[in-house]
Amino acid sequence: MNISIIGTGYVGLVTGVGLAELGNTVTCVDIDGARILSLNGGQVPFYEEGLKVLLSNNLEAERLSFTTDITNAVRTSSIVFIAVGTPSKQSGEADLSQIIQVAESIVECITDYKVIVLKSTVPVGTVEVICRILKQRIHEGKDFDIIVNPEFLREGKAIYDFFHPARIIIGGRSSKAIELMQQLYAPFLSPDFEESKRQFDEVKLGRNTPLIKTDIASAQMIKYSSNAFLATRISFINEIASICERLGANVKEVARGMGYDTRIGHEYMEAGIGFGGACLEKDLTALMKIGENYNYEPALLKAVLEKNEYQVRLLINKLKELTDSLLYHKTIAVFGLAFKAETSDVRNSVSLRIIEQLEKEGARIKAHDPVAIEEARKLKPAIQYCNDPYDAIDNAEALLILSDWSQYRELDFTSIKKRMKSPNIVDGRNVLDPGKMIDTGFRYKGIGV
Ligand code: NAD
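Presented here is an overview of the structure given in this document. (Residues numbered from 1 in each chain as written. Predicted model: local features only at pLDDT ≥ 70, side-chain atom pairs only at ≥ 80, totals over all residues. Heavy atoms only, no water.)

## Some points on the overall build of the protein
Here's step 1: Across its full length, the protein holds 19 helices and 14 strands.
Here's step 2: For 449 residues, the compact-globule estimate of 2.2 N^0.38 gives 22 Å, and the protein sits close to it at 24 Å.
Here's step 3: For the protein, the C-alpha atoms occupy an extent of roughly 70 × 50 × 40 Å along the three principal directions.
Here's step 4: Within the protein, contacts between residues separated by at least 24 positions form 72% of all contacts whose residues are at least 6 apart in sequence.
Here's step 5: Of the roughly 19700 Å² of accessible surface on the protein, 50% is carried by carbon and sulfur atoms.
Here's step 6: Between the centroid of the 53 positive side chains of the protein and the centroid of its 59 negative side chains there is a distance of 3 Å. (Helix = DSSP H or I, 4+ residues; strand = E, 2+ residues; numbered from the N terminus. Rg over C-alpha atoms; globule rule 2.2 N^0.38 Å. Contact = heavy atoms within 4.5 Å. Areas by Shrake-Rupley, 256 points an atom, 1.4 Å probe, with all protein chains shown as cover. Lys, Arg positive; Asp, Glu negative; His and termini not counted. Charge placed at Lys NZ, Arg CZ, Asp CG, Glu CD.)

## Section: the site of the ligand
Here's step 1: With respect to spatial proximity, 25 residues lie near the ligand, and among them Val-11, Asp-30, Thr-86, Glu-155 and Lys-282 are the closest.
Here's step 2: Within the contact set of the ligand, an oxygen atom lies 3.0 Å away from a backbone nitrogen or oxygen of Tyr-10.
Here's step 3: One nitrogen or oxygen atom from the main chain of Val-11 is found 2.9 Å from an oxygen atom belonging to the ligand.
Here's step 4: Considering the ligand on its own, with 840 Å² of exposed area, one finds that the protein chains cover 89% of that surface.
Here's step 5: Of all the elements in the fold, those that place two or more residues in the shell around the ligand are helix 1 (10-21) and helix 5 (97-106).
Here's step 6: The element that contributes the greatest number of residues to the shell around the ligand is helix 5, accounting for three residues. (Near = heavy atom within 4 Å. Polar contact = N/O pair within 3.5 Å; in protein donor to acceptor, adjacent residues only side chain to side chain.)

## Some points on the packing of aromatic side chains
Here's step 1: Scanning all chains against the criterion turns up six aromatic pairs.
Here's step 2: Arranged with centres 6.3 Å apart and planes meeting at 40°, the rings of Tyr-185 and Phe-188 form a pair that is tilted. Considered together, Tyr-185 and Phe-188 belong to a single accessibility category, that of buried residues.
Here's step 3: Cluster of aromatic residues (ring-pair linked, three or more members): Phe-162, Phe-163, Tyr-185 and Phe-188.
Here's step 4: The ring of Tyr-113 has Lys-176 sitting right over it, with the charged end atom 3.6 Å from the ring centre. (Phe/Tyr/Trp six-rings, centres within 6.5 Å; stacked < 30°, edge-to-face > 60°. Buried < 20%, exposed > 50% of the residue type's maximum accessible area, 1.4 Å probe, protein only. Lys NZ or Arg CZ within 6 Å of the ring centre and 35° of its normal.)

## Observations concerning the sheet that holds strand 8 (residues 211-214)
Here's step 1: In spatial order, the strands read 3-2-1-4-5-6-7-8; together these eight strands make up an open sheet with mixed pairing. The outermost strands of the open sheet, each flanked by one partner alone, are strand 3 (64-67) and strand 8. Pairwise comparison of adjacent strand axes, ignoring direction, gives a mean angle of 25° for this sheet.
Here's step 2: Where strand 1 (residues 2-6) lies against strand 2 (residues 25-29), five bridges are found, and the strand directions are parallel. For Ile-6, the partnering residue across the bridge sits in strand 2 and is Val-29.
Here's step 3: Along the sheet, helix 2 (residues 33-40) contacts strand 2 and strand 3; its crossing angle with strand 3, the most-contacted strand, is approximately 155°. (Pairing = 2+ DSSP bridges. Axes fitted to C-alpha atoms, helices over the stretch in contact; angles between N-to-C directions.)

## Regarding the nonpolar core
Here's step 1: Counting residues in hydrophobic clusters, the biggest one holds 47 residues, and the most contacted among them are Val-74, Ile-99, Ile-116, Leu-118, Leu-134 and Leu-284.
Here's step 2: Counting contributing residues, this core receives three or more from each of domain 1 (2-214) and domain 2 (224-305).
Here's step 3: Those residues within four positions of Val-74 in sequence are excluded, and the remaining contacts are Ser-4, Ile-6, Val-80, Ile-106, Cys-109, Ile-110 and Lys-114.
Here's step 4: Formed by 42 residues, the second largest nonpolar core is a distinct cluster that contains Val-17, Val-26, Tyr-113 and Ile-159. (Core = buried A, V, L, I, M, F, W, Y, C linked by side-chain atoms within 4.5 Å. Domains from an automatic or database assignment.)

## A short note on the side chain of Thr-285
Here's step 1: Tracing the backbone through its elements, the reader meets Thr-285 in helix 12 (residues 280-293).
Here's step 2: Within the local environment of Thr-285, its side chain forms a polar contact with the backbone oxygen of Lys-282, the two atoms lying 3.0 Å apart.
Here's step 3: Setting aside chain neighbours within four positions, we find Thr-285 in contact with Ser-88, Gly-92 and Leu-305.

## Some points on helix 14 (residues 350-360)
Here's step 1: Inspection of helix 14 places Val-350, Ser-351, Leu-352, Ile-354, Ile-355 and Leu-358 among the buried residues, and these make up the whole buried set.
Here's step 2: Close packing links the buried residues of helix 14 with helix 13 (299-322), strand 9 (331-335), strand 10 (364-368), helix 15 (373-379) and strand 12 (398-401).

As structure tokens, then:
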């Protein structure tokens, strides 16, 4: 099928590359000309494991191209995905300006029937906003139909997630459009899709994926509710961690013991500095606003957010307990800058929030991250970045571990202790073994351990 994807960020690019790999002809559109130029040259704008090789393969096979020309891209496709950003407004509501801009751009280009697919996370009511814009010139059902097909990929595992979706959600009112979407996703649905149809074999496909055909409002609520639930799990286990600390229990053991219950599971049950990133907090606050706009007081969701904000203060307090409350002119080493391991995405990173607090208190920061230094530098140019974690800890009065890259576990902590001015560690992700750290001579604080 011929497909265009409007918005070539984390979601748009992964979707575009993935659909091309499945044999479709895909044109990705973005207003960022520099990004388009480098993508056409095979350069990926962010770190995502496995993405570069799939990008190069599909560019070479001429099934994938990148352009700023939305008109031509839309005209030549039967399915148009919208994957632009929906950031938070000051009020917490989703900002739909990028979506509206896309709707206004595509209305001019639609000359025959298109299925317009909302991949972006959008609140209930957005489809009506788009319809109003399109219906000024063209007709729903004859010229276009709209499908809501939310995305659930995890940054850092986005390629795996594209090829192994846990479920595919299709919200819509047109059976013709739903049928086309089913054809597009057929490789994931059937147990016997011919692998030989694919030119490359970088990743195996998920099979028998559940397909949920539903109404538009439910499809949108599935996405918001999923993210709110994941956020709730994180705040829940952080709450348990705070209680464990007071009792001398170990939250890692508690989560492990709970997780074997199939009703509970192990995922998103790691106590730490809380959730950050481009989605969880944004979608949680948007859902709270949706509730409030419909006269509902989302007390539980508010508590989830408050607990998350508390985790930053908790970490700074732990640091102060180890450094006699004074951070002024102290050198603090930070491991981890992105919002989690395996990604260079620093949007709404809790690590950067913590660094901001430390700077306010006059601390000097030396920071390491395996892949996110360049992105962090754009937001925080004044701190000292180190490409080698051992350089970051030289002369430091404390080390903060803020992301759970496995390489941090494997460092030589005997040598680290020798290089630090004071052997203090606050492990905001419970990456290290507390007993071993104490035996090595560190003053160690984790979260609930
Ligand atoms: P992003 O900011 O990385 O990418 C958005 C892209 O859209 C940018 O490259 C921007 O230049 C482009 N754009 C903006 N306006 C445009 C226009 N008028 N025409 C063409 N391009 C335009 O965003 P993202 O992280 O990929 O998220 C996109 C959507 O998917 C959001 O609604 C988000 O909530 C949702 N989502 C994100 C993730 C994730 O992990 N990042 C996961 C699931 C869902």
